[in-house]
Amino acid sequence: MPFEKLTSKLDRHFERLAEGKGRKIKPADVAKIIAKLEKRKAALMAEIAENADKAERLSHKIAAADEMLARAQFLMEQVQGNVSATPAGD
Amino acid sequence: MKRFAPQFQLGLILALLLLAFWLSGDFQQIAAGVALFLLGMMLLEDGFKAMGGGLLERLLAASTGSLPRAMGFGIAATTVTQSSSLVSVIAISFLSAGLISLQAGIGIIFGANLGTTTGAWLIAGVGLKVDIARYAMPILAFGAVLMFQRSPGARGAGLVLLGIGLIFLGIAFIKDGFDAFSARFDLTRLALSGVAGLVVYTLIGAAATVVMQSSHATMLLVITALATGQIGYDNALAVAIGANIGTTVTALIGAAQANFQGKRLALGHLIFNAVTALTALVLIVPLRMLVDGISDLVGIGAQDFALRLAVFHTLFNLLGLALMVPQMSRLLTYLERRIVAPAPSVSQPRHINADLGAFPITLLTALKNELRHLVQNASLLIAEAINLRLVDLTASKDIRLTVERNREAIGLNVEQRYEEKIKSLHSAIIEFAAQKTALGLPRTAALRLQELRDCSNAVVRAVKAVKHLHENARRFTEAPQGEVTLLYDRLRQSIAQILVEIALLDQSPPEQRSALWIEEERRAIRGEAQKVNETVERLLQRRQLSAANATSFLNDSRYAQEAMEALLDAAELLYRDDDQAMAEIERLLAMEDEDEDKERRAS
């Protein structure tokens, strides 16, 4: 199962929300993070193009940024699913 | 002798009360009314704190950009909460946390002074003219039901209602007490005219406010006494002026233990009220004429002295603003010169202090700033422990070259530096966090407080790990010794890179950074560690590295890894987004080892 830990953390988040604890995450919040991550990745790509000597270190960072983006996209799907599953008026 | 002064004072007050109760049963009713009123004020304050959920703090943070806005906040917040002391405490807390300027703090206090005059209007205009005891009963009943609810909002609303109910009841008690009192005694026989009357009754007003710790209570007593004919109008005006002076004594006593910002604010408050009171005393005759003119103009009856007193109270506070606002820059200069800011200490806390109160925004801001201070101290120590200087690293365009060029040993006593610049600060942070956790903060604030405490622990872990490798880092890099020096240089380079990345993160604007960047650094250092281990293996096989040196290096490599991971843990916790939803997303997206391994295997 992809993002197993993220899924279980997300389940706990939804449980806390059901208990009236914590702040609900909206798709717009996740979109903000995705935009930040994309901007960051573009900056790292530009940096790697200019600094060949740092290529290895930067490639690790770009890989991490890619994974984070994938996790954020997955989170977006879950949050959007949760929003559409929430009854009107809730 | 000084030690017994408070007990003596309390004993004297209790004895005087007993004597007064023995002399007059009606006085018992008046005193009970004052007690209910003060209790109501306390509940009102507690209720607004609980109900607001940080609303007042958020409003304050958004409304203090300019002097008029700060004053506007002071007026509005005091009018709504009827508690200038609550507004003053919030202002001191924000000022102490560095969230507002001294000018904004003074502006809030000026505004609160004007806002507090609405109390006199409520008492004179409504309290004495309507049978408010009838309204008190249902309000108290609703308040009691709500007070026992679990939700902080409902509980806060319950406390506010109970506070209002008790205030109404208190006013009714005082009014009835004075009515009955008037039938037997005539206190106007004690009236003093002329300058003597002004001075004596101003002192009485100030003393009553100091004893009751509330100018509202003094105003309530004098307005009620005035309405029942127990005090002359001129003497009542002097009591109102005295109440303004008395309220600053309370603030000054509170500021005795405050930090320099709290002391500046209290002194500013004293100057404002003293100038206002002196001017009002000097101009009492024209002011009285002006009050009469305004009262006639707005239709206040010639015999309605209670409302005319409310007009006077507002007018002379407005006069104070008209006098002091144009002098604001002079006042600020004087306060800053009179109460000098202490020189910032490297080893002592700069941001956390006792004046922050129990407001989540100020507590967390001060704690974050203190942690930035701790991280700065730790970064300086860690850099020097590996023979590097942080200032060279942050200015460097090529970390590898900077590391290679810096071989000269820096005379650093790591243990002593740790004791002086890290441990003392860390202890203060842990103690502060523990004390504030005990205050029963909202869940999200308590969670953040715990994260920041963990951040401090992580910084200490990083420093302790670096302490272990300090000696070898110096020994193997002071002069080139072949492959082992190159390996240690790679370690120093990795640590230096993390220090630089944390410094960059600290300098970038909060809206542009994310704690998620830390995950990238984590990935990079883990990749580098794997590569270094492969290099050691290869060098051992080729006999280019002795087994003794390889063992030393591998041990130190583990310490370095531990230090870097701890630094990244600290940074991740410290630079987490202030917005609750964004912070929650960062927590969710933070990679954990299990996920990372699985995803690496999958790719």
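Residues numbered from 1 in each chain as written. Chains lettered and ligands numbered in written order. Predicted model: local features only at pLDDT ≥ 70, side-chain atom pairs only at ≥ 80, totals over all residues. Heavy atoms only, no water.

1. Quick word on the overall build of chain B
Phase 1: Within chain B one finds 26 helices and zero strands.
Phase 2: Whereas a compact globule of 603 residues would reach a radius of gyration of roughly 25 Å, chain B reaches 32 Å, over 25% beyond that.
Phase 3: Along the three orthogonal principal directions, the C-alpha set of chain B runs to about 110 × 50 × 50 Å.
Phase 4: In chain B, the proportion of contacts linking residues at least 24 apart, taken out of those at least 6 apart, comes to 78%.
Phase 5: When the accessible surface of chain B is summed, it comes to about 27,300 Å², and 61% of that surface belongs to carbon and sulfur atoms. (Helix = DSSP H or I, 4+ residues; strand = E, 2+ residues; numbered from the N terminus. Rg over C-alpha atoms; globule rule 2.2 N^0.38 Å. Contact = heavy atoms within 4.5 Å. Areas by Shrake-Rupley, 256 points an atom, 1.4 Å probe, with all protein chains shown as cover.)

2. Examining the interface of chain B and chain A
For interface size, the figure often reported is the accessible area lost on association.
Phase 1: Contact with chain B, which involves 38 residues of that partner, is made by 34 residues of chain A.
Phase 2: Contact with chain A buries area across many residues of chain B, yet B:Glu520, B:Leu588 and B:Leu589 alone supply 20% of it, more than any other trio.
Phase 3: Between chain B and chain A we count eight salt bridges in total.
Phase 4: B:Lys531 is the salt-bridge partner of A:Glu56, the closest N and O atoms lying 2.7 Å from each other.
Phase 5: Counting only elements with at least two residues in the side of chain B that touches chain A, the list comes to helix H22 (483-507), helix H23 (517-541), helix H25 (580-589) and helix H26 (593-602) of chain B.
Phase 6: Broken down by element, the side of chain B that touches chain A gets its largest block of residues, nine residues, from H25(B).
Phase 7: Class assignment for the residues of the side of chain B that touches chain A results in twelve nonpolar, five polar and 21 charged. (Buried area = accessible area lost by both parts, 1.4 Å probe. Salt bridge = Lys/Arg side-chain N within 4 Å of Asp/Glu carboxyl O. Nonpolar A, V, L, I, M, F, W, Y, C, P; charged D, E, K, R; others polar.)

3. Observations regarding the side chain of A:Arg57
Phase 1: The residue A:Arg57 is located in helix H3 (residues 55-85) in this model.
Phase 2: Residue class for A:Arg57 comes out buried when judged on its relative accessible area of 18%.
Phase 3: Apart from residues no more than four positions distant in its own chain, A:Arg57 is found in contact with B:Gln497, B:Ile498, B:Glu501, B:Glu521 and B:Ala524. (Buried < 20%, exposed > 50% of the residue type's maximum accessible area, 1.4 Å probe, protein only.)

4. Remarks on the domain arrangement of chain B
All names here are of chain B.
Phase 1: In terms of domains, chain B is made up of domain 1 (26-338) and domain 2 (360-602).
Phase 2: A C-alpha centroid distance of 52 Å is found between domain 1 and domain 2.
Phase 3: With six residues of domain 1 at the interface, the matching set in domain 2 holds six residues.
Phase 4: It is Glu57, Ala97 and Leu99 in domain 1 that bury the most area against domain 2; as a group they hold 68% of the surface buried on that side.
Phase 5: At the surface where domain 1 touches domain 2, the tally comes to zero salt bridges.
Phase 6: The interface formed by domain 1 and domain 2 includes zero residue pairs in polar contact (both at pLDDT 80 or more). (Domains from an automatic or database assignment. Polar contact = N/O pair within 3.5 Å; in protein donor to acceptor, adjacent residues only side chain to side chain.)

5. Looking at the confidence of the model for chain B
Segments scoring low in pLDDT should not have their predicted coordinates read at a detailed level.
Phase 1: Chain-level pLDDT for chain B is 85 on average; 93% of the residues reach the 70-or-more range.
Phase 2: Note on residues 598-603 of chain B: pLDDT is under 50 here. Beyond four places in sequence and across chains, it has six contacts. (pLDDT = per-residue confidence, 0-100.)

6. Some words on the packing of helix H6 (residues 102-115) of chain B against helix H15 (residues 305-324) of chain B
All names here are of chain B.
Phase 1: Put simply, H6 and H15 touch, their axes get as near as 9 Å, and they point 160° apart. One element, H6, and the other, H15, form an angle in the roughly antiparallel class. Viewed along their axes, H6 and H15 form a crossing whose handedness is left-handed. Between H6 and H15, the residues in contact are Phe110, Asn113 and Leu114 and Thr314, Asn317, Leu318, Leu321 and Met324, respectively.
Phase 2: For the contact of H6 with H15, the class distribution of residues is five nonpolar, three polar and no charged. (Axes fitted to C-alpha atoms, helices over the stretch in contact; angles between N-to-C directions. Parallel < 35°, antiparallel > 145°, perpendicular 65-115°, else oblique. Left-handed = near helix turned anticlockwise from the far one by under 90°.)

7. Side note on the pattern of salt bridges
Phase 1: One pass over the structure, following the stated rule, counts 33 salt bridges over all chains.
Phase 2: Where B:Arg523 meets A:Glu67, a salt bridge forms, and the shortest distance between an N and an O atom there is 2.6 Å. Residue B:Arg523 is found in helix H23, and its partner A:Glu67 is found in helix H3; the two belong to separate chains.
Phase 3: Looking at A:Glu67, the relative accessible area reads 17%, which means it is buried.
Phase 4: When salt bridges with common partners are traced through the structure, they connect A:Arg16, B:Arg448, B:Glu451, B:Arg576, B:Glu584 and B:Arg587 into a single cluster.

8. A few points about the packing of helix H17 (residues 360-385) of chain B against helix H21 (residues 443-477) of chain B
All names here are of chain B.
Phase 1: Contact pair H17 / H21: the axes reach a minimum separation of 10 Å and the direction vectors enclose 5°. Taken together, the axes of H17 and H21 are roughly parallel relative to one another. Two secondary-structure elements touch here, H17 through Pro360, Leu364, Leu367, Lys368, Leu371, Leu374, Val375, Ala378, Leu381, Ile382 and Ala385 and H21 through Ala445, Arg448, Leu449, Leu452, Cys455, Ser456, Val459, Ala462, Val463, Val466, His470 and Ala473.
Phase 2: Residues of the contact of H17 with H21, tallied by class, amount to 19 nonpolar, two polar and two charged.

9. A look at helix H8 (residues 132-147) of chain B
Because the α-helix completes a turn every 3.6 residues, residues three or four places apart line up on one side.
Residue and element names in this part refer to chain B.
Phase 1: Between its terminal C-alpha atoms H8 stretches 22 Å, which fits the 22 Å expected from 16 residues at 1.5 Å a residue.
Phase 2: When we look at burial in H8, the residues that qualify are Ile132, Ala133, Ala136, Ile139, Leu140 and Gly143. Projection of H8 onto a plane perpendicular to its axis shows the buried side chains occupying an angular sector of 115°, all on one side. Opposite the packed face of H8, turned more than 90 degrees from it, sit the exposed residues Arg134, Phe142 and Val145. (Expected span 1.5 Å × (residues − 1). Arc of directions from axis to C-beta.)

10. Some thoughts on the confidence of the model for chain A
Phase 1: Averaged over every residue, the pLDDT of chain A is 82; the share at 70 or more is 88%.
Phase 2: Mean pLDDT values for the elements of chain A range from 84 in H3(A) up to 90 in helix H2 (residues 27-50) of chain A.

11. Remarks on the environment of B:Ala322
All names here are of chain B.
Phase 1: With respect to the helices and strands, the residue alanine 322 is situated in helix H15.
Phase 2: Assessed through its relative accessible area of 55%, alanine 322 is described here as exposed.
Phase 3: Spatially, the C-alpha atoms of alanine 322 and threonine 276 are 9.6 Å apart, while their sequence positions differ by 46 residues.

12. A short note on unusual backbone geometry
All names here are of chain B.
Phase 1: With a phi close to 65°, asparagine 387 is a non-glycine residue in the positive phi region.
Phase 2: You can see asparagine 387 is positioned in the loop between H17 and helix H18 (390-395).
Phase 3: Of note, arginine 543 is a non-glycine position whose phi angle comes to about 60°, a positive value.
Phase 4: Assignment of secondary structure puts arginine 543 in the loop between H23 and helix H24 (547-574).

13. Focus: the packing of aromatic side chains
Residues and elements named next belong to chain B.
Phase 1: If you walk through the whole model with that rule in mind, you get five aromatic pairs over all chains.
Phase 2: Measuring from centroid to centroid gives 4.3 Å for phenylalanine 110 and phenylalanine 272, while their planes differ by 25°, and the two rings are stacked. One end of the pair, phenylalanine 110, is in helix H6; the other, phenylalanine 272, is in helix H13 (residues 260-282), with 162 residues separating them in the sequence. Considered together, phenylalanine 110 and phenylalanine 272 belong to a single accessibility category, that of buried residues. (Phe/Tyr/Trp six-rings, centres within 6.5 Å; stacked < 30°, edge-to-face > 60°.)

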